[in-house]
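Single-letter residue listing:
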Amino acid sequence: MDGEAMHDELDRRSAGVADQVVAWRRHLHRHPELSNREVNTARLVADQLRALDLDEVRTGIAGHGVVGVLRGGVPGERVVALRADMDALPVRDLCGTDFAAEVVDADYPGGPFPVSHACGHDCHTAALLGAATVLAGVRDRLPGTVLLVFQPAEEGPPVTEEGGARAMVAAGAFADPVPTMAFGLHVTPHPKGYVGYRVGNQYGASTLVRIVVTGEQTHGSTPWQGIDPMPAVGAVLTGIGQLYRQVSAFDPVTVSIGHVEDVGRFNIVGQTVTLWGTVRCVEESDMASVQRRLTTLAEHSAAAYGATASVEYLQSVPPVHNSGPWVEAGLPTFRRVVGEERVVETGGTLGYDDVSEFVSRFGGLYVMLGVQDAALDAAGRPVPVPGGRGLVTNHNPRFYADDDTLVTGVRLHAHVAYDHLAGTLVPRGAG
């Protein structure tokens, strides 16, 4: 069977599994699980992979990670790792569908939390299960090996736990066989069926920051008898808004404090206040400078009010980098799957994705798949279409993804896998 016939076969099989993919996605959406707690999600994935009679199904990797190994029936040295993340977010589900989640995790550290797939990982998992089904059906014609990688804790595990992509690498998930390419996709509020790519950093570098400001507790009626950490916290929060002026305006950075913890009550000046936030940089080389300046700001602001501050940086994630040669190699595949006019170059983003741990080690690509009622304006920016559900960003409680786009995700995984194994999706000069 030649390449064109094989592509047609992949498309036919993808269409045949489309309804099942939608069913998987809706089940996963209704039953979301937070990072490092993906027990039932991982069980569903492993059960489905075992039903395909793969060569191996490895479970319990870095928590609840699952890797399926599919060895093709044609000799080949290449190994493609297809990745989907499985975890949900501590966000209320307001997507408005009849399969919206009503889950509350009462035991998660810092909870209780409402839980939802407000980032679309349910779509990623379902689409990769569909691709696994398609590829297993043509295993006798695959010239190499496919690793089906279902990753936990992409959103970041609790700070006292390990997890995510780096932990999967450390656990040996890719030691045998070693991938020659990693591929993944992320659903986004772009026009349905569009593939967005970027040469360079598709996603930024990220780190979690914890700032603990410590004063001296006293009664609210006698603040002079203690040290109030609150004014220092206010100075830190205000000063953060000026950090961007201390790095190049041509390399975007942001520092956002998303959560503040106080210990006390209305009539007590508490001893500590903890700030939790995130630092994002388009260029990883700016991260050390931003961290140094943020630490100085926190420590000196606290000292100005007689308090102290400690700053920790946790769960660092490198940027997702799509190199020019890999993009050049992948564009023909993307254009075949969705049409040339639907493959568009996008700007960078300060979002992060720890798939970067795989792409940076093994080479490969990470792209965006549009799943919302949108069109592109003259500048190439997504805008809502009349009568649609609008544009809703990932992590918003109202984030949505239309089911009719999921089969496109299946086809992307399947075509990328076959093309890489067949030697047509490789960087120029790599053979």
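Check the entry above for the structure.
Calculation rules
Residues numbered from 1 in each chain as written. Predicted model: local features only at pLDDT ≥ 70, side-chain atom pairs only at ≥ 80, totals over all residues. Heavy atoms only, no water. Salt bridge = Lys/Arg side-chain N within 4 Å of Asp/Glu carboxyl O. Helix = DSSP H or I, 4+ residues; strand = E, 2+ residues; numbered from the N terminus. Disulfide = S-S within 2.5 Å. Buried < 20%, exposed > 50% of the residue type's maximum accessible area, 1.4 Å probe, protein only. Axes fitted to C-alpha atoms, helices over the stretch in contact; angles between N-to-C directions. Parallel < 35°, antiparallel > 145°, perpendicular 65-115°, else oblique. Left-handed = near helix turned anticlockwise from the far one by under 90°. Contact = heavy atoms within 4.5 Å. Nonpolar A, V, L, I, M, F, W, Y, C, P; charged D, E, K, R; others polar. Pairing = 2+ DSSP bridges. Phe/Tyr/Trp six-rings, centres within 6.5 Å; stacked < 30°, edge-to-face > 60°. Polar contact = N/O pair within 3.5 Å; in protein donor to acceptor, adjacent residues only side chain to side chain. Core = buried A, V, L, I, M, F, W, Y, C linked by side-chain atoms within 4.5 Å.

(A) Layout of the pattern of salt bridges. One pass over the full model with this rule turns up 25 salt bridges. In this structure, Asp140 engages Arg141 in a salt bridge whose closest nitrogen and oxygen atoms are separated by 3.5 Å. The salt bridge partner of Lys192 is Asp402, with a shortest N-O separation of 3.2 Å. Taken together, the positions of Lys192 in the loop between β7 (181–191) and β8 (195–197) and Asp402 in the loop between β20 (382–384) and α9 (406–422) put the pair 210 residues apart, joining distant regions of the chain. Beyond isolated ion pairs, a larger network of salt bridges with shared partners links Lys192, Asp373, Arg389, Asp402 and Asp404.

(B) The state of the cysteines, seen in detail. Taken as a whole and judged by the stated rule, the model has zero disulfides. The thiol of Cys119 is unpaired, and the distance to the nearest cysteine sulfur, on Cys123, comes to 10.0 Å. Taking relative accessible area as the criterion, Cys119 reaches 7% and is therefore assigned buried. On the basis of relative accessible area, Cys123 is assigned to the buried category, the value being 2%.

(C) Seen up close, the packing of helix α1 (residues 3–30) against α9. Viewed as axis vectors pointing N to C, α1 and α9 meet at an angle of 140°, and their least axial separation amounts to 8 Å. Our classification of the angle between α1 and α9 gives oblique. Both α1 and α9 take part in a crossing whose hand is right-handed. Taken together, the residues of α9 that come into contact with α1 (itself represented by Gly3, Met6, His7, Leu10, Asp11, Ser14, Ala15, Val17, Ala18, Val21, Val22 and Arg25) are Leu406, Val407, Val410, Arg411, Ala414, His415, Tyr418 and Asp419. Its residues assigned to classes, the contact of α1 with α9 shows 12 nonpolar, four polar and four charged.

(D) Representation of the sheet that holds strand β2 (residues 65–71) within the structure. Strands sit in the order β1-β2-β6-β3-β7-β18-β8-β17 across an open sheet of eight strands; the sheet is mixed. Strands at the two margins of the open sheet, each flanked by one partner only, are β1 (56–61) and β17 (343–345). Strand-to-strand twist in this sheet, taken as the mean axis angle between neighbours without regard to direction, amounts to 25°. Alignment of β8 against strand β18 (residues 364–372), held across two bridges, turns out to be antiparallel. Pairing of Gly196 across the sheet is with Met368, part of β18. The strands touched by helix α3 (residues 121–136) are β2, β3 (79–85), β6 (145–151) and β7; relative to β3, the strand with the most contacts, the crossing angle is about 145°.

(E) Layout of the pairing of β18. The buried count for β18 comes to nine of nine residues, which makes it a mostly enclosed element. Relative to β18, β7 runs parallel, the two being bridged by eight bridges. What sits directly across from Val187, in β18, is Leu369.

(F) Just the sheet that holds strand β10 (residues 205–214), in detail. With antiparallel pairing, four strands are arranged side by side in an open sheet as β12-β14-β10-β15. Each edge of the open sheet carries a strand with a single partner, namely β12 (253–262) and β15 (308–317). Each strand axis lies, on average, 20° off the axis of its neighbour in the sheet, ignoring direction. Looking at chain direction, β10 and strand β14 (residues 272–281) are connected through 10 bridges and run antiparallel. Across the sheet, residue Thr207 finds its bridge partner in β14, namely Val279. Each of β10, β12 and β14 touches helix α5 (residues 229–240); the most contacted strand, β14, lies at about 10° to it. Strands in contact with helix α6 (residues 287–304) are β10, β12, β14 and β15; relative to β15, the strand with the most contacts, it is inclined by about 160°.

(G) Here's a closer look at the environment of Ala414. When you line up the elements, Ala414 lands in helix α9. For Ala414 and Ala100, which are 314 residues apart along the polypeptide, the C-alpha to C-alpha distance reads 29 Å.

(H) Structural detail: the packing of aromatic side chains. Under the defined criterion, the tally for this structure stands at five aromatic pairs. Joined through ring pairs, the aromatic side chains of Phe174, Phe358 and Phe362 make up one cluster.

(I) Quick look at the environment of Ser221. Note that Ser221 resides in the loop between β11 (218–219) and α5. Considering only alpha carbons, one finds Ser221 and Thr145, 76 residues apart in sequence, at a separation of 70 Å. A polar contact is formed between the side chain of Ser221 and the side chain of His219, at a distance of 2.9 Å.

(J) Focus on the packing of helix α2 (residues 39–51) against α3. At a closest axis distance of 10 Å, the pairing of α2 and α3 adopts a crossing angle of 10°. By the criterion of interaxial angle, the relationship of α2 to α3 is roughly parallel. Between α2 and α3, the residues in contact are Leu44, Val45, Gln48 and Leu49 and Thr125, Leu129 and Ala132, respectively. For the contact of α2 with α3, the class distribution of residues is five nonpolar, two polar and no charged.

(K) Representation of the nonpolar core in the model. Ranked by size, the top nonpolar core spans 65 residues in total, and within it Leu49, Phe150 and Phe334 carry the most contacts. Sorting elements by how many residues they give to this core places α3 first, with 10 residues. Aside from chain neighbours lying at most four places away, what touches Leu49 is Leu54, Val57, Val66, Gly68, Leu129, Ala132, Leu148 and Phe150. Judged by nonpolar contacts, the second largest core, of 25 residues, contains Val233, Val279, Ala302 and Ala307.

(L) Spatial organisation of the side chain of His413. Along the chain, the position of His413 falls in helix α9. When sequence neighbours within four positions are dropped, the list of residues in contact with His413 reads Leu82, Arg83, Ala127, Leu128, Ala131, Phe183, Gly184 and Leu185.

Treat this as a map of the structure, not an account of what it does.
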